[in-house]
Amino acid sequence: MASIRTFLQRADKKTKEEVQRKRERNRSLTVLPKATQSALGIGAIQKEDCVFQIGKNEYIKIYSVGLPLGENRQAFMESLCGMTTNRIRLSVFCKNKEEKHRECMFMSIYFSGSNYADVYTQTQELDTKLKDQMNEKLHISILACPIDSVLMFIHMNSAGEMKEYDITSLANKKTAWKNSLYQPVTETTEGEFLCHGKYGICFLGKLFPDHRADLDGIVRGINGNIQFVVDMQMPTGEDVQMQDHEIGKKYSCSIDTTNTRYINLSYLCTVLADSEKERMSAKKKISQVGIENEILFVPCCGRETEVFYSICSLGIRDFRSMRNADMAFASSLLL
C-alpha cells in the first residue's frame, strides 16, 4: 500500500514539474508590438530556440544549408520528406556579377501547435533527425539561424546590402520597421517591378513535368541576383488515399501510384537586375529554360510585392501555390 502511495506521489510530482516546464516554455516567447507585427508578419520570437511565431498557431524555424548538394540532391530530398510531413521551404540566393558566382541556401520549416511548448517538442525532435540524417549520414551542414541573422539576410535579399540588426530592437515600440527590412516595391506590372534601384521580375511555376529538370541556365546564365524557392510538403497517407478515392470515383477507375512519389510543390523565381536591358534578357532566359524543361513559368501579375517579400523573408511572409510534382523533378530544382 505504501509503495502505491509513493508511486502516485512521484507521478503527481512529475506531472506538476511538467506543467511548470510547459508554462515556462510558453512564457519564453517575446511578443512584439502590434506595429512591428503588422510590418514584419511576425507575432512573437523565441530567441534561444531561433523560432518565429507567424500566426496564431503557426511557427517557423530557419536553417542555413551547406552547398553544393551535388550528387546528394536526391538523397537530401528523400531524407527531408521522409522525416516530416511539415511544410518545408528551400530558398536559394545566387549573385552573378562580372563572371563571379556566389550562392547560399536556407531551409524554413513550418510548425503548428496550440501553444509554444508543443511546438518546441516538435522542433527538438526534428533537430535530432536533421543532425542524424543530414549532418552525420549525408555530411550536409544544417545549422539553425539566429533571429538577428535572419533579419540581416531579409534586408540583404531585398536591398542587396548588409545591415546588422539588434534583436532587442524588435520589442521597441518606437522602432520604425515598415521599410527597414522590406524595401519599397514600385511600378509593378506584369510581374515586373522596381526595388531599391534594381529592376525586378518574378515568376511562378504553374505546370511541372514528370522528369528531371536542368535549370543551370537560370542560375548561371543571368546577370544579377537570382532568388528562387522550392516550397514543398509531403502528403500524408490519409491525403494520398483520399486523392486516389476521389480520382477513382470521378473517372470510375482504380489508380496505381505505387511506383510514383508525388509531393505538393511551389516554385518561385525572382531576378533583380541592374538595368532594364538585363531584366529583359533574364525574362527571355527564364522563359527559354522553362520551354526546354517543359515547365510553365508565368509572371506573378498583380502579386509582385507579395511574392517578392515572401521570397526575401525566407517564408516568414507567406505565399504559396501548390501543385503536385514528381519527387525526382523536385530534387533536380536544387543546386
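Residues numbered from 1 in each chain as written. Predicted model: local features only at pLDDT ≥ 70, side-chain atom pairs only at ≥ 80, totals over all residues. Heavy atoms only, no water.

**Q** For this particular structure, what's the right way to read the environment of lysine 283?
**A** Note that lysine 283 resides in helix α8 (residues 276-292). Given the relative accessible area of 22%, lysine 283 is considered partly exposed. Between the C-alpha atom of lysine 283 and that of cysteine 202, which follows or precedes it by 81 residues, the distance is 9.0 Å. Apart from residues no more than four positions distant in its own chain, lysine 283 is found in contact with Glu192, Ile201 and Phe203. (Helix = DSSP H or I, 4+ residues; strand = E, 2+ residues; numbered from the N terminus. Buried < 20%, exposed > 50% of the residue type's maximum accessible area, 1.4 Å probe, protein only. Contact = heavy atoms within 4.5 Å.)

**Q** Just checking my understanding: could you explain the nonpolar core for this structure?
**A** A general trend in soluble globular proteins is that nonpolar side chains are found buried together. Membership of the largest hydrophobic core comes to 59 residues, with the highest contact counts inside it found for Phe76, Leu90, Met107 and Leu130. The element contributing the most residues to this core is helix α4 (residues 116-138), with seven residues. Ignoring anything within four residues of it in the chain, the contact list for leucine 90 reads Phe76, Leu80, Met105, Phe106, Met107, Phe228, Val229, Val230, Met232 and Leu334. The next biggest cluster of nonpolar side chains, apart from the first, holds 41 residues, and it includes Leu32, Ile42, Tyr165 and Phe319. (Core = buried A, V, L, I, M, F, W, Y, C linked by side-chain atoms within 4.5 Å.)

**Q** Would you mind showing me how to read a positive patch on the surface here?
**A** A cluster of basic residues, Lys95, Lys97, Lys100 and Arg102, forms a positive patch on the protein surface. Breaking the positive patch down by element, the ones donating at least two residues are β5 (88-97) and β6 (100-112). Note that arginine 102 resides in strand β6. Looking at arginine 102, the relative accessible area reads 56%, which means it is exposed. (Patch = residues over 30% accessible without salt bridge, like charges linked within 9 Å, V, L, I, M, F, W, Y side chains within 5 Å. Areas by Shrake-Rupley, 256 points an atom, 1.4 Å probe, with all protein chains shown as cover. Salt bridge = Lys/Arg side-chain N within 4 Å of Asp/Glu carboxyl O. Lys, Arg positive; Asp, Glu negative; His and termini not counted. Charge placed at Lys NZ, Arg CZ, Asp CG, Glu CD.)

**Q** Even after reading the chapter, I still don't get the pairing of β6, so can you show me in this structure?
**A** Consecutive side chains of a regular strand alternate in pointing toward one face of the sheet and then the other. Pairing between strand β4 (residues 58-65) and β6: eight bridges, direction antiparallel. Bridge pairing in β6 links isoleucine 60 to tyrosine 110. As defined by bridge partners, β5 adjoins β6 across ten bridges and the pair is classed as antiparallel. Across the sheet, cysteine 94 pairs through a bridge with glutamate 103, a residue of β6. (Pairing = 2+ DSSP bridges.)

**Q** Any chance you could explain the packing of aromatic side chains here in plain terms?
**A** Using the criterion set out here, one finds ten aromatic pairs in the structure. Ring geometry for tyrosine 267 and phenylalanine 297: centres 5.8 Å apart, planes at 45°, overall tilted. Here tyrosine 267, found in strand β12 (residues 262-273), pairs with phenylalanine 297, found in strand β13 (residues 296-299); they are 30 residues apart in sequence, far enough to count as distant. We note that tyrosine 267, like phenylalanine 297, is buried. Through a chain of ring-to-ring contacts, the aromatic side chains of Tyr182, Phe193, Phe308 and Tyr309 assemble into a single cluster. The side chain of arginine 25 reaches across the aromatic face of tyrosine 120, ending 3.5 Å from its centre. Against the face of tyrosine 182 rests arginine 317, its NZ or CZ located 4.8 Å from the ring centre. (Phe/Tyr/Trp six-rings, centres within 6.5 Å; stacked < 30°, edge-to-face > 60°. Lys NZ or Arg CZ within 6 Å of the ring centre and 35° of its normal.)

**Q** Sorry, what's going on with the environment of serine 141 here?
**A** Along the chain, the position of serine 141 falls in the loop between α4 and β7 (142-144). Setting aside chain neighbours within four positions, we find serine 141 in contact with Ser64, Val65, Gly66 and Asn135.

**Q** Mind showing me how you'd approach helix α5 (residues 147-159) here?
**A** Along an α-helix, a turn takes 3.6 residues, which lines up residues three or four apart on a common side. Here α5 is 13 residues long and its end C-alpha atoms lie 18 Å apart, about the 18 Å a rise of 1.5 Å per residue gives. Taken across its 13 residues, α5 has ten buried, putting it largely inside the fold. Those residues of α5 that fall on the buried side of the exposure criterion are Ile147, Val150, Leu151, Met152, Phe153, Ile154, His155, Asn157, Ser158 and Ala159. One or two steps after α5, the chain reaches glycine 160, where phi turns positive at roughly 75°. (Expected span 1.5 Å × (residues − 1).)

**Q** So what exactly am I meant to see when it comes to the pattern of salt bridges here?
**A** Note that side chains of opposite charge can pair when their charged atoms are close. Going through the model one piece at a time under the given rule, you end up with twelve salt bridges. With a closest N to O distance of 2.7 Å, aspartate 231 and arginine 87 form a salt bridge. One end of the pair, aspartate 231, is in strand β11 (residues 224-233); the other, arginine 87, is in the loop between α3 (73-83) and β5, and 144 residues separate them in sequence. Judged by relative accessible area, aspartate 231 falls into the buried class, the value being 0%. Among the salt bridges present, the one from arginine 87 reaches aspartate 318, with a minimum N-O distance of 2.9 Å.

**Q** Can you walk me through the confidence of the model for the chain in this structure?
**A** Segments scoring low in pLDDT should not have their predicted coordinates read at a detailed level. For the chain, per-residue confidence averages 86 on the pLDDT scale, and residues scoring 70 or more make up 88% of the total. Confidence, read as mean pLDDT per element, is least for helix α7 (residues 237-251) in the chain (47) and greatest for β4 (97). Long-range and interchain partners of residues 239-247, a stretch whose pLDDT sits below 50, account for five contacts in this model, where long-range means more than four residues apart. (pLDDT = per-residue confidence, 0-100.)

**Q** I would appreciate a short explanation of the state of the cysteines in the present structure.
**A** Cysteine pairs can be covalently joined through their sulfur atoms, and such a bond is termed a disulfide. By the definition in use, this model includes zero disulfides. Note on cysteine 104: no disulfide assigned, nearest cysteine sulfur contributed by cysteine 94 at a separation of 7.9 Å. Overall, cysteine 104 belongs to the partly exposed group, its relative accessible area being 27%. For cysteine 312, which is in no disulfide, the shortest distance to another cysteine sulfur is to cysteine 195 and amounts to 6.7 Å. By relative accessible area, cysteine 312 is classed as buried at 0%. (Disulfide = S-S within 2.5 Å.)

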